[in-house]
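Residues per chain are reported as follows:
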Amino acid sequence: MDDHADPVAELRRLLAVHEVLHGASDPAELLPLEGELAAEVRELLGALGYDSLDRWAGLENLEGRLAEGRIDPVVLAHLRTAAGA
């Protein structure tokens, strides 16, 4: 880190990664996993070779952001990025 060409930008990047992996979900921001959103999540998971959000989130170290029947927007964004959506 000491020798990074842009240490402040690198610290920002690392903080963002830390927030994704270790931050807490805001219950008010959780999205209901139903209808079109549920279908999208199933499709994205299928494209990545997973049959459940739990399995994928566990491998991505996002299991702490899971909520029954809902999805954290941070998890959704990470899933979309992972699937290239």
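Quick note: structure is the one above.
Because the structure is a prediction, the values reported are computed rather than measured. (Residues numbered from 1 in each chain as written. Predicted model: local features only at pLDDT ≥ 70, side-chain atom pairs only at ≥ 80, totals over all residues. Heavy atoms only, no water.)

Novice: What is the right way to look at the overall build of the chain in this model?
Specialist: Each helix and strand in the chain was counted, giving four helices and two strands. For the chain, the N- to C-terminal ordering of α and β elements is α-β-α-α-β-α. Overall, the chain is about 45 × 30 × 20 Å in size when its C-alpha atoms are taken along their principal axes. Across the 85 residues that make up the chain, the buried fraction comes to 21%. Within the chain, contacts between residues at least 6 apart in sequence are counted, and of these 59% link residues at least 24 apart. A total accessible area of about 5,800 Å² is found for the chain, and carbon and sulfur atoms account for 53% of it. Charge centroids of the chain, computed over 7 positive and 17 negative side chains, lie 2 Å from each other. (Helix = DSSP H or I, 4+ residues; strand = E, 2+ residues; numbered from the N terminus. Buried < 20%, exposed > 50% of the residue type's maximum accessible area, 1.4 Å probe, protein only. Contact = heavy atoms within 4.5 Å. Areas by Shrake-Rupley, 256 points an atom, 1.4 Å probe, with all protein chains shown as cover. Lys, Arg positive; Asp, Glu negative; His and termini not counted. Charge placed at Lys NZ, Arg CZ, Asp CG, Glu CD.)

Novice: How do you make sense of the environment of Ala-57 when you look at a structure like this?
Specialist: Within the fold, Ala-57 resides in helix 3 (residues 53–59). Placed 24 residues apart in sequence, Ala-57 and Leu-33 show a C-alpha to C-alpha distance of 15 Å.

Novice: Could you clarify how one ought to interpret the packing of helix 2 (residues 35–48) against helix 4 (residues 73–83) in this entry?
Specialist: It is at 9 Å that the axes of helix 2 and helix 4 come closest, and there the two elements cross at 45°. Classified by the interaxial angle, the pair formed by helix 2 and helix 4 is oblique. Crossing geometry of helix 2 relative to helix 4 is assigned as left-handed. Between helix 2 and helix 4, the residues in contact are Leu-37, Glu-40, Val-41, Leu-44, Leu-45 and Leu-48 and Leu-76, Leu-79, Arg-80, Ala-82 and Ala-83, respectively. Looking at the contact of helix 2 with helix 4, its residues break down into nine nonpolar, no polar and two charged. (Axes fitted to C-alpha atoms, helices over the stretch in contact; angles between N-to-C directions. Parallel < 35°, antiparallel > 145°, perpendicular 65-115°, else oblique. Left-handed = near helix turned anticlockwise from the far one by under 90°. Nonpolar A, V, L, I, M, F, W, Y, C, P; charged D, E, K, R; others polar.)

Novice: Which parts of the structure should I look at to understand unusual backbone geometry?
Specialist: Backbone geometry at Asn-61 places phi at a positive 60°, although glycine is not the residue there. Using a relative accessible area of 44% as the deciding quantity, one classes Asn-61 as partly exposed.

Novice: Any chance you could explain helix 4 here in plain terms?
Specialist: An α-helix turns once every 3.6 residues. As a result, residues three or four positions apart point the same way. Residues Val-75, Leu-76 and Leu-79 constitute the buried set of helix 4. Down the axis of helix 4, the buried set is contained in an arc of 100°. They therefore lie on one face. Buried residues along helix 4 sit against strand 1 (31–32), helix 2, helix 3 and strand 2 (70–71). For helix 4, the capping residue at the N-terminal end is Asp-72, with a side-chain oxygen 2.7 Å from the backbone nitrogen of Val-74. Just past helix 4, the residue Gly-84 takes up positive phi, approximately 75°. (Arc of directions from axis to C-beta. Polar contact = N/O pair within 3.5 Å; in protein donor to acceptor, adjacent residues only side chain to side chain.)

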